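# Secondary and tertiary structure notes
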Amino acid sequence: MARYASVLELIGDTPIVDVSALSPKSNVAILAKLEGRNPAGSVKDRVAISLVDAAEADGILIPGKPDQILIEPSSGNTGIALAMVCRLRGYHLKVVLPSNVSPERRQLLLAWGAEIIDSPGTEGSNGAVRLAQRLADEHSEWTFLYQYANPANPAAHYRTTGPEILRDVPEITHFVAGLGTSGTLMGVGRFLKEAKPDVQVWAVEPPSGEMVDGLRSLEDGYIPPIFIDNHGADLLDRKVVVRPRESIEWTRKMTEVGLFVGLSSGAIMAGAVKCASLIDDNESATIVTIVCDDGWKYLSTGAWSDDIDDVVDRAKKIIYF
Ligand SMILES: Cc1ncc(COP(=O)(O)O)c(C=O)c1O
């Protein structure tokens, strides 16, 4: 085993596992990249370190200077990953969270030493973004990294996730991932298209108006600036729509190949399976997909144990991501 000087060196270089046992077609292989192996538990560790490194390189954050404050609206993995990175780098992180986020998320942020500012639960994550934006405007001395607009988000995936995928699966024909900030799809998608132009890049989205934790429908009205800056509409070959119920069904099914994954990863796997089913019988294909995080933070959803209708219903009221 290698020896590392810091936990931050453990970010990235995640394993890829063959989950073709769940493929609907014998001519289509599906491989899943396990991002839950990152130290703070998700794909967003790559983004958090990239955002902080870029801010330090630009002189926005100064290592070692006391009392530097960052603010970020995130109930999800970015907040948790940033909290870990800030703890190690000595920055104070304020996270704006809708009051109805799941207890696991609140606990994890507190564990990493972040300060929590509540935003109205009824306004969801968009309300948290608005409040963070207002507080950042009122406190120009605070740093607002804002992953939805920060080029360091897709750059993390262009530099690391994309090259790792091509190194480990050179025969890749399709990349299927969820669309949240679009950082993964823009960064990995751009890298793969440059290196291997025939690779198809597919985005998994919930239907407009429905919620799959971690993912967003571009039809809901907000298009992340990084999606526009990276010409996302041209980069993506196709979108697959996955409903909340399917995300739970596939989260459960992933245990059949030994994977205990978060709910958006269930949705993304459902998307990969839809992609596989559309491939001609006489064509062979290799789909690479992303497991964004593991299931631990979602245990209070009852996703693996409760009646599926109750789980889907509960997920409308509590923000798990
Ligand atoms: C659990 C989970 N699913 C999906 C996504 C979507 O990824 P991205 O923001 O790169 O589009 C993320 C990241 O926000 C995530 O943490």
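Just above, that's the structure.
Notes on the structure in this doc start here. None of these values were measured; they are calculated from a predicted model.

## Let's talk about the packing of aromatic side chains
One pass over the structure, following the stated rule, counts 6 aromatic pairs. Centre to centre, the rings of Tyr 148 and Tyr 222 are 5.7 Å apart; their planes meet at 80°, and the pair counts as edge-to-face. Highlighted residues: Tyr 148 in the loop between β6 (143–144) and α5 (152–168) and Tyr 222 in the loop between β8 (200–205) and α7 (225–229), separated in sequence by 74 residues. Tyr 148 sits in the buried class, given a relative accessible area of 14%. On the basis of relative accessible area, Tyr 222 is assigned to the partly exposed category, the value being 25%. Ring pairs connect the aromatic residues Phe 144, Tyr 146, Tyr 148 and Tyr 222, which therefore count as one cluster. Sitting above the plane of the Tyr 158 ring, Arg 190 keeps its charged end 4.4 Å from the centroid. Across the ring face of Trp 250, the terminal group of Lys 253 is positioned such that the distance to the ring centre comes to 5.7 Å.

## Structural notes on the sheet that holds strand β5 (residues 115–119)
Taken in spatial order, the 4 strands of this open sheet run β5-β4-β3-β6, and their pairing is parallel. Of all strands in the sheet, those bounded by a partner on one side alone are β5 and β6. Bridge analysis of strand β4 (residues 92–98) against β5 gives 5 bridges, and the strand direction is parallel. Bridge pairing links Val 95 to Ile 116 in β5. The strands that helix α2 (residues 77–89) touches are β3 (69–73) and β4; relative to β4, the one it contacts most, it runs at about 165°. Running at roughly 140° to β4, helix α4 (residues 124–138) makes contact with β3, β4, β5 and β6 of the sheet.

## Structural notes on the nonpolar core
With 28 residues, the main nonpolar core has Ile 30, Val 176, Met 254, Met 269 and Ile 287 as its most contacted residues. The leading source of residues in this core is helix α10 (residues 263–277), at 7 residues. Residues Leu 8, Ala 40, Tyr 91 and Val 101 belong to the second largest nonpolar core, which totals 27 residues.

## Observations concerning the site of the ligand
Taken together, 16 residues form the shell around the ligand, and within it Asn 77, Gly 180, Thr 181, Thr 184 and Ser 264 come nearest. Between the ligand and Asn 77, the relevant distance is 2.7 Å, taken from an oxygen atom to a side-chain nitrogen or oxygen of the residue. Contact between the ligand and Gly 183: an oxygen atom at 3.5 Å from a main-chain N or O atom of the residue. Protein contacts shield 98% of the accessible area of the ligand, which totals 380 Å² for the unbound molecule. Looking at side-chain class alone, the shell around the ligand contains 5 nonpolar, 9 polar and 2 charged residues.

## As for the pairing of strand β7 (residues 174–178)
Counting buried residues along β7, 5 of its 5 residues qualify, which places the element largely inside the surrounding structure. On β7, burial covers both faces: His 174, Val 176 and Gly 178 on one face and Phe 175 and Ala 177 on the other are all buried. Two elements, β7 and β8, share 5 bridges in a ladder whose sense is parallel. Within the sheet, the bridge partner assigned to Val 176 lies in β8 and is Trp 202. Running through helix α6 (residues 183–195), the crossover from β7 to the neighbouring parallel element β8 is right-handed. Across 3 bridges, the pairing between β7 and strand β10 (residues 285–291) is parallel. Within the sheet, the bridge partner assigned to His 174 lies in β10 and is Ile 287.

## Details of the sheet that holds β10
With mixed pairing, the 6 strands of this open sheet are ordered in space as β1-β2-β10-β7-β8-β9. The open sheet has two free edges, formed respectively by β1 (16–18) and β9 (238–241), since each of these has just one partner strand. Sheet twist, expressed as the mean angle between neighbouring strand axes with direction ignored, is 25°.

## A word on the state of the cysteines
In a disulfide, the sulfur atoms of two cysteines are covalently bonded to one another. Going through the model one piece at a time under the given rule, you end up with 0 disulfides. In this model Cys 292 remains outside any disulfide bridge; the closest cysteine sulfur is found in Cys 275, 16 Å from its own. According to the relative accessible area criterion, Cys 292 is buried, its value standing at 15%.

## Notes on the side chain of Asp 45
Tracing the chain through its elements places Asp 45 in helix α1 (residues 44–57). One buried charged side chain, Asp 45, makes no salt bridge at all; its nearest oppositely charged neighbour is Lys 297, positioned 8.2 Å away. The residues touching Asp 45, leaving out its near neighbours within four places in the chain, are Ile 11, Asn 38, Pro 39, Ala 40, Ala 81 and Met 84.

What counts and what doesn't
Residues numbered from 1 in each chain as written. Predicted model: local features only at pLDDT ≥ 70, side-chain atom pairs only at ≥ 80, totals over all residues. Heavy atoms only, no water. Phe/Tyr/Trp six-rings, centres within 6.5 Å; stacked < 30°, edge-to-face > 60°. Helix = DSSP H or I, 4+ residues; strand = E, 2+ residues; numbered from the N terminus. Buried < 20%, exposed > 50% of the residue type's maximum accessible area, 1.4 Å probe, protein only. Lys NZ or Arg CZ within 6 Å of the ring centre and 35° of its normal. Pairing = 2+ DSSP bridges. Contact = heavy atoms within 4.5 Å. Axes fitted to C-alpha atoms, helices over the stretch in contact; angles between N-to-C directions. Core = buried A, V, L, I, M, F, W, Y, C linked by side-chain atoms within 4.5 Å. Near = heavy atom within 4 Å. Polar contact = N/O pair within 3.5 Å; in protein donor to acceptor, adjacent residues only side chain to side chain. Areas by Shrake-Rupley, 256 points an atom, 1.4 Å probe, with all protein chains shown as cover. Nonpolar A, V, L, I, M, F, W, Y, C, P; charged D, E, K, R; others polar. Right-handed = clockwise from strand over helix to strand, strands pointing away. Disulfide = S-S within 2.5 Å. Lys, Arg positive; Asp, Glu negative; His and termini not counted. Salt bridge = Lys/Arg side-chain N within 4 Å of Asp/Glu carboxyl O.

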